[in-house]
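A structural walkthrough
Below are the chains, spelled out letter by letter.
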Amino acid sequence: MVLKVLTFFLPWFLRRRMLERLFKYELHPRARIGFAWVFPNKLKMAAGSRIDHFTVAIHLDLLEMRKDATIGRGNWITGFPTNSNSKHFQHQSDRQAALILGESASVTKNHHLDCTNIIKVGRFSTIAGYNSQFLTHSIDVNENLQHSEPIVIGDYTFVGTNVVVLGGAILPSNSILGAKSLLNKAFYDEWTLYGGVPAKAVKEIPMDSKYFTRKEGFVY
């Protein structure tokens, strides 16, 4: 803990070197972490990736951000690492507490990502708006134990503001999840707008929509 606090207040060019040396993190020279408490067991940040101020990322086996992936301000990203001695999740030997963001994927501001099981966000996808919850674990009332399932967000997706996404959910590539929706199951049909509580297919998306063919993650 002392080493974490000491590195936290260093200028970034010194902080990056200390994080690499002390924690064996893999940080590209063009990656950057702001005034944020980011201490997973393993951290990989590719060129152009960025974590902004006031984000917390702890209790993770892995946080991996590929080229130009971004995490905005004020996000709470936590999990339950597999090296814990707790009795929780002992029935899931293949579980990984991880967040993986594909190339140019973006998590905006003030979201909660529970990475007790792995959350994957695909290339050029956007977790937009504010106050969304991605929850990979819950109590299994039938078995009376804590259980977790992964969440998969496909490539070139758009996730609207203030949604809830539960473990086991899949949002397929080239699709949209509408604002305030509850995604609690796996969907597989691309080019579809999903929405509602719980979410269901609402309508098809035109395949010539420019968001889904852009070459740069940031939308002006």
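Our structure's up above, just so we're on the same page.
Summarised in this report is the structure supplied together with it.

Definitions and cut-offs
- Residues numbered from 1 in each chain as written.
- Predicted model: local features only at pLDDT ≥ 70, side-chain atom pairs only at ≥ 80, totals over all residues.
- Heavy atoms only, no water.
- Helix = DSSP H or I, 4+ residues; strand = E, 2+ residues; numbered from the N terminus.
- Buried < 20%, exposed > 50% of the residue type's maximum accessible area, 1.4 Å probe, protein only.
- Contact = heavy atoms within 4.5 Å.
- Expected span 1.5 Å × (residues − 1).
- Arc of directions from axis to C-beta.
- Pairing = 2+ DSSP bridges.
- Polar contact = N/O pair within 3.5 Å; in protein donor to acceptor, adjacent residues only side chain to side chain.

Here we take up the environment of G178. Along the chain, G178 falls in the loop between β22 (176-177) and β23 (182-183). Among the residues examined, G178 registers a relative accessible area of 16% and is labelled buried. Sequence separation between G178 and L193 is 15 residues, and the spatial gap between their C-alpha atoms is 7.0 Å. When neighbours within four sequence positions are excluded, G178 is seen to be in contact with G160, V163, L193, Y194 and G195.

Below, the discussion takes up helix α2 (residues 12-23). Its 12 residues give α2 an end-to-end C-alpha distance of 15 Å, which sits within 8% of 16 Å, the value for a rise of 1.5 Å per residue. Residues of α2 that are buried include every one of W12, R15, R16 and L19, and no others. Down the axis of α2, the smallest arc covering the buried residues is 100°, so these residues share one side. For α2, exposure combined with an orientation more than 90 degrees from the buried face picks out R17 and R21. Looking at the packing, one finds that the buried side of α2 touches α1 (2-8), β1 (26-27) and β2 (32-33). Backbone geometry just downstream of α2 places K24 in the positive-phi region, at approximately 60°.

What follows deals with the sheet that holds strand β18 (residues 151-153). Read across the open sheet, the seven strands follow the order β1-β4-β7-β10-β13-β18-β21; overall the sheet is parallel. The open sheet terminates on both sides in strands that have one partner only, identified here as β1 and β21 (170-171). Here strand β13 (residues 119-121) runs beside β18; their pairing, made up of three bridges, is parallel. The residue of β18 that forms the bridge with V121 is I153.

Quick look at the side chain of R214 now. Along the chain, R214 turns up in the segment after β25 (200-204). At 3.2 Å, the side chain of R214 forms a polar contact with the backbone oxygen of E216. Beyond its immediate chain neighbours, meaning those up to four positions away, R214 contacts F124, T126, Y156 and V219.

On strand β4 (residues 42-45), burial follows the alternation: L43 and M45 on one face are buried, whereas K42 and K44 on the facing-out side are not. In terms of strand pairing, β1 meets β4 through two bridges, oriented parallel. Bridging from a neighbouring strand, E26 pairs with K44 of β4. The pairing of β4 with strand β7 (residues 62-65) spans four bridges and is classified as parallel. When the bridges of β7 are listed, M45 appears paired with M65.

Here we take up the side chain of H111. Counting through the fold element by element, H111 comes out in the loop between β11 (106-107) and β12 (112-114). A distance of 3.0 Å separates a polar side-chain atom of H111 from the backbone nitrogen of S132. If we skip the residues at most four places from it in the chain, H111 touches G74, N75, W76, I127, A128, G129, Y130, N131 and S132.

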